[in-house]
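Each chain, letter by letter, is given below.
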Amino acid sequence: MLTYYNHLHSQHQGKLEMFRGQLVPCFEVPARVDHVLAELKARKLGTILPPEPFDDSALKGVHSQRYLDFLASAWDEWVALDPANAQRDALPSVWPVRSLRSDVLPANFAARMGLFSMDAGTPLTEGTWDAARAGADCALSAALAVAGGERAAFALTRPPGHHAGADFFGGYCFLNNAALAAQALRDQGIERVAILDIDYHHGNGTQAIFYERSDVYFTSIHGDPHTEYPFYLGYADELGAGAGLGFNRNWPLPRGTGFEVWRATLQQALACIAEFGAQALVVSLGMDTFVGDPISGFSLQSADYLQVGEDLAKAGLPTVFVFEGGYAVAEVGTNAVNVLQGFD
Ligand code: 6XA
Ligand code: ZN
């Protein structure tokens, strides 16, 4: 297992997020990745490398130019509004829902924060762009390694990516690392790529990016969006559209779901991937399915993740793992590395 480690991840360190009407300390903290890195080193699981640097043009296959331009300059614009903003993270507070226009690019910074976001739980900080950008490099590096013949590679990065759409951030995500990896595999000539999202939360951004395409199959096992974030996508009747009809499959499960049912669902998702004829696999590896996760509702145990890794390996596909959520900080290293060790 090759690991590409985002050495800049801790540059992104949000202070507060909006949660049930109040600002609370962020759940998505640098220590998450520190624990995974420490566990990889302790178990001597493969080689740990810095990412290759990619040109910004590598992001354009997934994200819109106006969104990338916004992200790259957002912090400077925020501080230009008021020098005191240097001590505060930027959070959106107004959104262009339904009958409001999203084609116009307002000059007002708050208006653009809302245009390019989906929630008020995702602070944008001084180092967000550098961290997200290096994280994207990790995902692209892992994809190129796998396209070049590696059995598997792991993008160990934060902020996570699977909620980020072509032109919006949210759910702690800014650049969609899994989508970038899948697109990179396609660009390397691999004709059929599958994305399996096993984070507790539906990967709405990844689904939307590939929803009308038949070359990238997306399937996700997650908390039922009737009750779980991101609420507005991830239902079982979302099957793809246009040329992509039949190439999207969601497996929403109720809060409280345990490993037996979750694993049976994993087998169904893997059967769909096999039927699609995938030649490579991207796994959005969220560890918030863990029983001890503070913001999620499944009840997988640490030892279960070894089995998850074994089940994924049985798919027999060159595989890119991309780190997503998981907020039981003390256990996230053990759990994530259990998946990778089980796979190996
Ligand atoms: C709402 C919860 C965001 C979920 C983030 C996550 N603030 N996504 O773990 O996978
Ligand atoms: Zn999650």
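Above this text you will find the structure in question.
Heads up: these notes are all about the structure in this document.

## Side note on the coordination of the zinc ion (ligand 2)
Consideration 1: Around the zinc ion (ligand 2), the protein contributes the donor atoms Asp 199 (OD), His 201 (ND1) and Asp 288 (OD), at 2.0 to 2.1 Å from the metal centre.
Consideration 2: For the zinc ion (ligand 2), the six donor atoms are set out with angles of 29 to 159 degrees between them, so the coordination reads as irregular.
Consideration 3: In primary-sequence terms, the residues that donate to the zinc ion (ligand 2) follow D-x1-H-x86-D.
Consideration 4: On the basis of relative accessibility, which here comes to 7%, the residue His 201 falls in the buried class.

## A few points about the pairing of strand 9 (residues 280-285)
Consideration 1: Counting buried positions over the six residues of strand 9 gives six, a clear majority of the element.
Consideration 2: Residues of strand 9 alternate between two faces, with Ala 280, Val 282 and Ser 284 on one and Leu 281, Val 283 and Leu 285 on the opposite face, all of them buried.
Consideration 3: Across five bridges, strand 6 (residues 193-197) lies against strand 9 in parallel orientation. Across the sheet, Asp 197 pairs through a bridge with Ser 284, a residue of strand 9.
Consideration 4: Handedness of the crossover joining strand 9 and strand 10 (residues 319-323) through helix 8 (residues 304-313): right-handed.

## Looking at helix 8
Consideration 1: Summarising burial for helix 8: seven of the ten residues are buried, a large majority.
Consideration 2: What helix 8 keeps buried is the set Asp 304, Tyr 305, Val 308, Gly 309, Asp 311, Leu 312 and Ala 313.
Consideration 3: Against strand 6, helix 7 (259-276), strand 9, strand 10 and helix 9 (329-343) lie the buried residues of helix 8.

## Considering helix 7
Consideration 1: For helix 7, which comprises 18 residues, the first-to-last C-alpha distance of 25 Å matches the rise-based estimate of 26 Å (1.5 Å per residue) to within 8%.
Consideration 2: What helix 7 keeps buried is the set Phe 259, Trp 262, Thr 265, Leu 266, Ala 269, Leu 270, Cys 272, Ile 273 and Phe 276. One face of helix 7 carries all of its buried residues, which in axial projection span an arc of 155 degrees. Among the exposed residues of helix 7, those oriented more than 90 degrees off its buried face are Glu 260, Ala 274 and Glu 275.
Consideration 3: Positive phi appears at Gly 277, one or two residues downstream of helix 7, with a value of about 85 degrees.

## Looking at the environment of Lys 60
Consideration 1: On the secondary structure map, Lys 60 appears in the loop between strand 4 (47-49) and helix 2 (65-81).
Consideration 2: For Lys 60 and Pro 50, which are ten residues apart along the polypeptide, the C-alpha to C-alpha distance reads 22 Å.
Consideration 3: Residue contacts for Lys 60: discarding those within four places in its chain leaves Gln 65 and Leu 68.

## A closer look at a nonpolar patch on the surface
Consideration 1: On the surface, a nonpolar cluster with roughly 250 Å² of combined accessible area is contributed by Leu 16, Met 18 and Leu 23.
Consideration 2: Mapped onto the elements, Leu 23 comes out in strand 3 (residues 22-25).

## Re the nonpolar core
Consideration 1: Of all hydrophobic cores here, the largest spans 50 residues; its most connected members are Phe 70, Leu 71, Leu 124, Leu 175, Leu 185, Val 282 and Val 320.
Consideration 2: At ten residues, the largest contribution of residues to this core is made by helix 4 (residues 128-147).
Consideration 3: Excluding anything up to four places from it in sequence, Leu 175 contacts Leu 59, His 63, Leu 68, Leu 71, Trp 129, Ala 132, Arg 133, Ala 136, Pro 160, Gly 161, Ala 164 and Leu 180.

## Concerning the packing of helix 4 against helix 5 (residues 177-187)
Consideration 1: Between helix 4 and helix 5, the shortest axis-to-axis distance is 8 Å and the interhelical angle comes to 35 degrees. In this structure, helix 4 meets helix 5 at a crossing whose hand is right-handed. When helix 4 is examined against helix 5, the residues Gly 135, Ala 136, Ala 139, Leu 140, Ala 143, Leu 144, Val 146 and Ala 147 are found in contact with a partner set consisting of Asn 177, Leu 180, Ala 181, Ala 184 and Leu 185.
Consideration 2: Looking at the contact of helix 4 with helix 5 residue by residue, the classes come out as eleven nonpolar, two polar and no charged.

## Details of the packing of aromatic side chains
Consideration 1: Applying the stated criterion across every chain, the model contains 15 aromatic pairs.
Consideration 2: A centroid spacing of 6.4 Å and a plane angle of 85 degrees characterise the contact between Phe 154 and Phe 323, whose relative ring orientation is edge-to-face. A residue pair is termed long-range when its members are at least 10 positions apart, and Phe 154 in strand 5 (residues 152-156) and Phe 323 in strand 10 qualify at 169 residues. One exposure class covers both Phe 154 and Phe 323, and it is buried.
Consideration 3: Look at Tyr 217 and Phe 276: their rings are 5.2 Å apart centre to centre, the planes differ by 35 degrees, and that puts the pair in the tilted class. Of this pair, Tyr 217 sits in strand 7 (residues 216-223) while Phe 276 sits in helix 7, placing them 59 residues apart in sequence.
Consideration 4: The buried category is assigned to Phe 276, whose relative accessible area is 11%.
Consideration 5: Put simply, the rings of Tyr 67, Phe 70, Trp 78, Phe 109 and Phe 116 pair up and form one aromatic cluster.

Conventions and cut-offs
Residues numbered from 1 in each chain as written. Chains lettered and ligands numbered in written order. Predicted model: local features only at pLDDT ≥ 70, side-chain atom pairs only at ≥ 80, totals over all residues. Heavy atoms only, no water. Donors = N, O, S within 2.8 Å, 3.2 Å for Na, K, Ca; no water. Tetrahedral: all angles 85-135°; square planar, octahedral: opposite > 155°, others 65-115°. Buried < 20%, exposed > 50% of the residue type's maximum accessible area, 1.4 Å probe, protein only. Helix = DSSP H or I, 4+ residues; strand = E, 2+ residues; numbered from the N terminus. Pairing = 2+ DSSP bridges. Right-handed = clockwise from strand over helix to strand, strands pointing away. Contact = heavy atoms within 4.5 Å. Expected span 1.5 Å × (residues − 1). Arc of directions from axis to C-beta. Patch = residues over 30% accessible without salt bridge, like charges linked within 9 Å, V, L, I, M, F, W, Y side chains within 5 Å. Areas by Shrake-Rupley, 256 points an atom, 1.4 Å probe, with all protein chains shown as cover. Salt bridge = Lys/Arg side-chain N within 4 Å of Asp/Glu carboxyl O. Core = buried A, V, L, I, M, F, W, Y, C linked by side-chain atoms within 4.5 Å. Axes fitted to C-alpha atoms, helices over the stretch in contact; angles between N-to-C directions. Left-handed = near helix turned anticlockwise from the far one by under 90°. Nonpolar A, V, L, I, M, F, W, Y, C, P; charged D, E, K, R; others polar. Phe/Tyr/Trp six-rings, centres within 6.5 Å; stacked < 30°, edge-to-face > 60°.

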